[in-house]
Amino acid sequence: MTEPVRRHAYQPPAYLVDRVALTLELAMEATRVRSELILRRNPAATNPGDAPAVGWRGAHTTRHLS
Amino acid sequence: MDGEALTLHAIYLDSAPLPASAYELDERGLTIRNAPDHCQVATDVSIHPSANTALMGLYQAGELLCSQCEPEAFRRITYYLDRPDVLAPFRVTLIGDADKYPVMLCNGNPVAEKQTDDGRRAVTWDDPFPKPSYLFAVVAGDITATHQPFTTAQGREVAINVWTTAAYRHRCQHTVATLTRAMAWDEAAYGLAYDLDVFNAVAVPQYTQGAMENKGLNIFNDRYALNDSATATDRDHRDGESMVAHEFFHNWSGNRVTCRDWFQLGLKEGFTTLREQEFIADQGWGAIRRIEDTQLMRSRQFAEDAGPMAHAVRPESYVEIENFYSDTVYSKGAEIFRMLRRLAGDAAFRAGVDHYFARHDGQAVTIEALVEAVGEAAGMSVEAFMGWFERAGTPSLVVTGTYDATAGVHELVVRQHPPSSDSGDEQPLPLPLAIGLLDASGTELPVRLADESDDDAVTGTRDLLITEHEQRFRLIGLTERPVVALLRDFSAPVRLNSDRTDADYAVLARHDPDPVAQWDAIQTLIDRCLDARLDGAIDSANEECLVAVMRLVLQRGSGDQGLDAKLLALPEPATLIAARPLSDVAALSAAHEGLCQAIARALHAQLAATFNANAQSPVPYAAEPGPVGQRALRDTCLAYLAVGEADGLARALAQYQTATNLTDTISALGLIADSEHPEREALLANFRARHSDNPLVLDKWLAIQARAQREDTLARVKTLMDDPFFSLAEPNRVRALVESFVTANPLRFHSTEGYRFLVDQVLALDPLNPALAAGLMRHLSNWHQHRPERGEAMRAAIEQVARAPGLSAATREVVDASLAV
């Protein structure tokens, strides 16, 4: 069974997004999505020093730490 | 970065192609190693809308391209930090074939449009308000808009556009009118104005949820956004009004201030549901909406609280967040914020809400942010109150009264049994208990507590603040034993037990000025009559009392015919079985029918008179409280007459034939379809043929047949699944046929064949649409409360699903929780 997500395991995101630019070429079979994200490390992140643990895994943080 | 079902073509870090060794890729996402503190990440992916049957992410809805991202489906469109506490402004360019996609909508304002070199169109949208990815949306296709200009209190000119395919364009007027009223209402009631130049709403035919509040681009299941007199009932109009207003109100409560994580879902949904309820009440539906909310809480949310999927409004953990878009989060969440308003007072509540929006605009916050802002404004501690969000389960109150004639004092003892928290906390939860006092003739008496002077006495509703396990309230200055109205306006989401007598309920049922308390007293009388009949007896005293009360309602009326209809109606079969899971379904159905016939016989003259007086639906049609109430009262009478008269169905047949709106048609057809009337099949065929080009109307045709109590209903439902109109890939069809049978027809559903049918549908649906399958599966989850033979059969059905390989996470969570009881 999938590991549950726990409320108290909340961690602020490691990075914040300052700006999103998307281009979608729409088609039913295959839509092409190009994305440009301007990112910056979150000063409020719990472990800003852990360089490799970028772990940008959204609400599933706990799944990936486990 | 989260990413699912994406085909990655390229990835760049600060404009340089990223070598495969610099990132990790798996089926859940992408991790870049050693990313700098500031960087630009660009990705290029493909997605496959036409193969998307889960209808999450970007998908095909007929000829439309449409999206649904809440809660975690933006990751099915591109790689992203797909969590609600990452907010950013979005600029989006949509490129498409001009013939296939003449309209391409996204969040925000349209800022540029051009032709690409290869002849396609490109439209750029800019959304300046930082938003989380779950609010992203795209709709593209050959759709057309009904426009309505709106000027905000700040002077901003807003273009309201309600989009649909051209064939349905004439059915958008009600939604346009609702949006206009909702925009003005939010300004007047909360000082919140709309903030973009355009507000787009789209009616989409293939949509799992009800609707979605994407910033500046609300998307609606078309059953909520397409309403006119010929294709939607009164009920559809009001459901649509509620849904459209709800999504619009999210523009502030949810979008401008959003949730830090999905555990805080009740922050945006509970509060916005309360705002929706307030709006609907202000449109003149206050009494019946409050009764319906009370009904929903008792029959569905309390049942959820008592079952294996019980969870707090803010749960401690989840496996699949989609399973938590529940009655608990929405409806109990709204009740909790309603209590907060009641405890703080309207003015302090509004001041607190103002602070909340001012302080947190553009942020993702937790439930405390709103509760504490209101607490500060009201000067009250909210620490204990937060327990309402943390604990699963329904508190109960036991209220007993003792009258001392010598002292003129009536003492109420209120005991609270709160549910315990996961950590074993059993502290009482603070709540307002709204009471009123009546004398034996039904006149309201002043409510005066010990030590209060005459000046403090309040005639009418008064709130007692319950904060302890046991409290005593001495009500003074009473020259006779009062009849106590408890929990007026359903002032707290609790189960209530009291020592009030049949005579007390008789007074309350006739006279209580609070619609909820009056309705509740009538429900108590009905329950007592039904329980006696279930035991093979007749409770003559209570049945006579019930008939007398109903006669009074028919003769006197409350001035609100919609409320009168509610006061006269017997509970739905599903409500009855939910309240009596140990009873035999057939015996319960027989008791219900017996009581219905007894009332119909005793009140025949009054029912016929009221029916006749209201037989003509006002023309032109209006979905407003007056005419809607008139039709509801007439149809309630018609339902009684249909069982109480030898030729009772003749009136229904005549109504069907002369109907000028769908409400009249459907109520008549429903009665005939559930009978042995010789015209039954002909009428159903006639309806099918008349509306063959109208799926939303045919959904009603499916639902009417699925709800029929007839013995052959399940066979009929199976036959209807072969109708070319039916498709498991269309959520509205599944809800109309399968879910109606499962939820609204307990007499036929609760059987081995009924359970087998549900299992078959869940297993067929799960690979296509897990959210829908898991939702259906929940209807077996309270198996352990049912009488043993029925419970075991329900459990066996759950086990059958549990054994199926490859179940979705959503369905697996429901199944495992159900079996863990």
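Residues numbered from 1 in each chain as written. Chains lettered and ligands numbered in written order. Predicted model: local features only at pLDDT ≥ 70, side-chain atom pairs only at ≥ 80, totals over all residues.

### Brief notes about the overall build of chain A
Alright, step 1. In terms of helices and strands, chain A carries one helix and three strands.
Alright, step 2. Shown N-terminal to C-terminal, the secondary structure of chain A runs as helices and strands in the order β-β-β-α.
Alright, step 3. Buried residues in chain A amount to 35% of all 66 residues.
Alright, step 4. Within chain A, contacts between residues separated by at least 24 positions form 59% of all contacts whose residues are at least 6 apart in sequence. (Helix = DSSP H or I, 4+ residues; strand = E, 2+ residues; numbered from the N terminus. Buried ≥ 20, exposed ≤ 12 C-beta atoms within 10 Å, placed from the backbone. Contact = placed C-beta atoms within 7 Å.)

### Overview of the domain arrangement of chain B
Residue and element names in this part refer to chain B.
Alright, step 1. With domains assigned, chain B is organised as domain 1 (53–249), domain 2 (258–390) and domain 3 (396–500).
Alright, step 2. Just the C-alpha atoms count here: the centres of domain 2 and domain 3 sit 24 Å apart.
Alright, step 3. Each partner contributes residues to the interface: domain 2 has 15 residues there, and domain 3 has 15 residues.
Alright, step 4. Every element with two or more residues in the side of domain 2 that touches domain 3 is listed here: α4 (265–306), α5 (327–344) and α8 (387–390).
Alright, step 5. Looking at which element gives the most residues to the side of domain 2 that touches domain 3, the answer is α5, with five residues.
Alright, step 6. Tallied by class, residues from the side of domain 2 that touches domain 3 come to seven nonpolar, two polar and six charged. (Domains from an automatic or database assignment. Nonpolar A, V, L, I, M, F, W, Y, C, P; charged D, E, K, R; others polar.)

### Digging into the interface of chain B and chain A
Alright, step 1. Each partner contributes to the interface: chain B provides 57 residues, whereas chain A provides 42 residues.
Alright, step 2. Counting residues per element, the ones that place at least two in the side of chain B that touches chain A are β4 (29–32), β5 (38–47), β6 (57–61), β8 (88–96), β12 (138–141), β19 (317–318) and α27 (809–819) of chain B.
Alright, step 3. Within the side of chain B that touches chain A, the residues separate by chemical class into 30 nonpolar, 14 polar and 13 charged.
Alright, step 4. Here six bridges tie strand β2 (residues 15–25) of chain A to β8 of chain B, and the two strands are oriented parallel to one another. Each residue of the ladder has a partner; that of Thr-23 of chain A, found in β8 of chain B, is Thr-93 of chain B. (Pairing = 2+ DSSP bridges.)

### Focus on the environment of Gln-800 of chain B
Alright, step 1. If you trace the backbone, Gln-800 of chain B turns up in helix α26 (residues 788–803).
Alright, step 2. Linking Gln-800 of chain B and Lys-268 of chain B, residues 532 residues apart in sequence, is a C-alpha distance of 37 Å.

### Some remarks on the packing of α26 of chain B against α27 of chain B
Residues and elements named next belong to chain B.
Alright, step 1. At a closest axis distance of 10 Å, the pairing of α26 and α27 adopts a crossing angle of 135°. Classified by the angle between their axes, α26 and α27 sit oblique to one another. Between α26 and α27 lies a crossing of left-handed hand. Taking contact as the criterion, the partners of Ile-798, Glu-799, Val-801 and Ala-802 in α26 are, on α27, Val-815, Ser-818 and Leu-819.
Alright, step 2. Residue composition of the contact of α26 with α27, grouped by class: five nonpolar, one polar and one charged. (Axes fitted to C-alpha atoms, helices over the stretch in contact; angles between N-to-C directions. Parallel < 35°, antiparallel > 145°, perpendicular 65-115°, else oblique. Left-handed = near helix turned anticlockwise from the far one by under 90°.)

### Considering the sheet that holds strand β1 (residues 7–13) of chain B
Alright, step 1. Taken together, the eight strands give an open sheet; going across it, the order is β2(B)-β1(B)-β5(B)-β3(A)-β2(A)-β8(B)-β11(B)-β10(B), and neighbouring strands pair in mixed fashion. The open sheet terminates on both sides in strands that have one partner only, identified here as β2 (16–17) and β10 (109–115) of chain B.

### What about the sheet that holds strand β15 (residues 198–204) of chain B?
All names here are of chain B.
Alright, step 1. Taken in spatial order, the five strands of this open sheet run β13-β14-β15-β17-β16, and their pairing is mixed. Taken across any chain shown, the strands that pair with only one partner, and hence form the sheet edges, are β13 (144–151) and β16 (211–212).
Alright, step 2. In this sheet, strand β17 (residues 217–221) lies alongside β15 in parallel orientation, the contact comprising five bridges. In the sheet register, Val-204 faces β17, and the bridge partner there is Asn-221.
Alright, step 3. Lying over the sheet, helix α1 (residues 173–190) contacts β13, β14 (157–164) and β15, oriented at roughly 25° with respect to β13.

### A look at helix α7 (residues 367–378) of chain B
Residues and elements named next belong to chain B.
Alright, step 1. A rise of 1.5 Å per residue sets the reference length of α7, with its 12 residues, at 16 Å; its end C-alpha atoms lie 17 Å apart and thus fit the reference within 8%.
Alright, step 2. Along α7, the residues classified as buried are Ile-367, Leu-370, Val-371, Ala-373, Val-374, Gly-375 and Ala-377.
Alright, step 3. Buried residues in α7 make contact with α4, α5, α6 (346–360) and α8.
Alright, step 4. Positive backbone phi, approximately 65°, marks Gly-379, located one or two places after α7. (Expected span 1.5 Å × (residues − 1).)

### Looking at the environment of Cys-106 of chain B
Residue and element names in this part refer to chain B.
Alright, step 1. Examined against the element boundaries, Cys-106 turns out to sit in strand β9 (residues 103–106).
Alright, step 2. Looking at Cys-106, the number of C-beta atoms within 10 Å reads 29, which means it is buried.
Alright, step 3. Along the chain, Cys-106 and Phe-136 lie 30 residues apart, while their C-alpha atoms are 7.7 Å from each other.
Alright, step 4. For Cys-106, the contacting residues outside a window of four places in its chain are Val-92, Leu-94, Trp-125, Ala-137, Val-138 and Leu-217.

### Observations regarding the pairing of strand β23 (residues 431–438) of chain B
Residues and elements named next belong to chain B.
Alright, step 1. In terms of burial, β23 is largely enclosed, as eight of its eight residues are buried.
Alright, step 2. Residues Leu-431, Leu-433, Ile-435 and Leu-437 line one face of β23 and the alternating positions Pro-432, Ala-434, Gly-436 and Leu-438 line the opposite face, and both faces are buried.
Alright, step 3. Here β23 runs beside strand β26 (residues 462–466); their pairing, made up of five bridges, is antiparallel. Within the sheet, the bridge partner assigned to Ala-434 lies in β26 and is Asp-463.

### With respect to the nonpolar core
Residues and elements named next belong to chain B.
Alright, step 1. Core analysis: the largest hydrophobic core is formed by 261 residues, its most contacted members being Val-139, Ala-140, Phe-220 and Leu-433.
Alright, step 2. Of the residues forming this core, the biggest block, 13 residues, is contributed by α4.
Alright, step 3. Once residues lying within four places of it in the same chain are set aside, the contact partners of Val-139 are Leu-64, Leu-65, Cys-66, Leu-105, Val-202, Leu-217 and Ile-219. (Core = buried A, V, L, I, M, F, W, Y, C linked by C-beta atoms within 7 Å.)

### Some details on the environment of Asp-282 of chain B
Alright, step 1. Tracing the backbone shows Asp-282 of chain B in helix α4.
Alright, step 2. In this structure, the C-alpha to C-alpha distance between Asp-282 of chain B and Trp-185 of chain B, residues 97 residues apart in sequence, is 8.9 Å.

### Some details on the packing of helix α17 (residues 648–658) of chain B against helix α18 (residues 662–673) of chain B
Working note: a packed helix pair is described by the angle between its axes plus the distance between those axes.
All names here are of chain B.
Alright, step 1. Axis separation between α17 and α18 bottoms out at 8 Å; the angle between their running directions is 145°. Every pair of crossing elements has a handedness; the one defined by α17 and α18 is left-handed. Here Leu-649, Ala-652, Leu-653, Gln-655 and Tyr-656 of α17 lie close against α18, whose contacting residues are Asp-664, Thr-665, Ala-668, Leu-669, Leu-671 and Ile-672.
Alright, step 2. When grouped by side-chain class, the residues that make up the contact of α17 with α18 number eight nonpolar, two polar and one charged.

### Structural notes on unusual backbone geometry
Residues and elements named next belong to chain B.
Alright, step 1. The linkage connecting Glu-70 with the following residue, Pro-71, adopts the cis geometry, with an omega of 0°.
Alright, step 2. Here Val-619 and Pro-620 are connected by a cis peptide whose omega angle stands at 0°.
Alright, step 3. Along the chain, Pro-620 turns up in the loop between α15 (604–613) and α16 (625–644).
Alright, step 4. Phi at Ala-5 takes a positive value of approximately 55°, unusual for a residue other than glycine.
Alright, step 5. When you line up the elements, Ala-5 lands in the segment before β1.
Alright, step 6. According to the C-beta neighbour criterion, Ala-5 is partly exposed, with 17 such atoms within 10 Å.
Alright, step 7. The backbone of Asp-451 shows a phi angle near 75°, a positive value even though the residue is not glycine.

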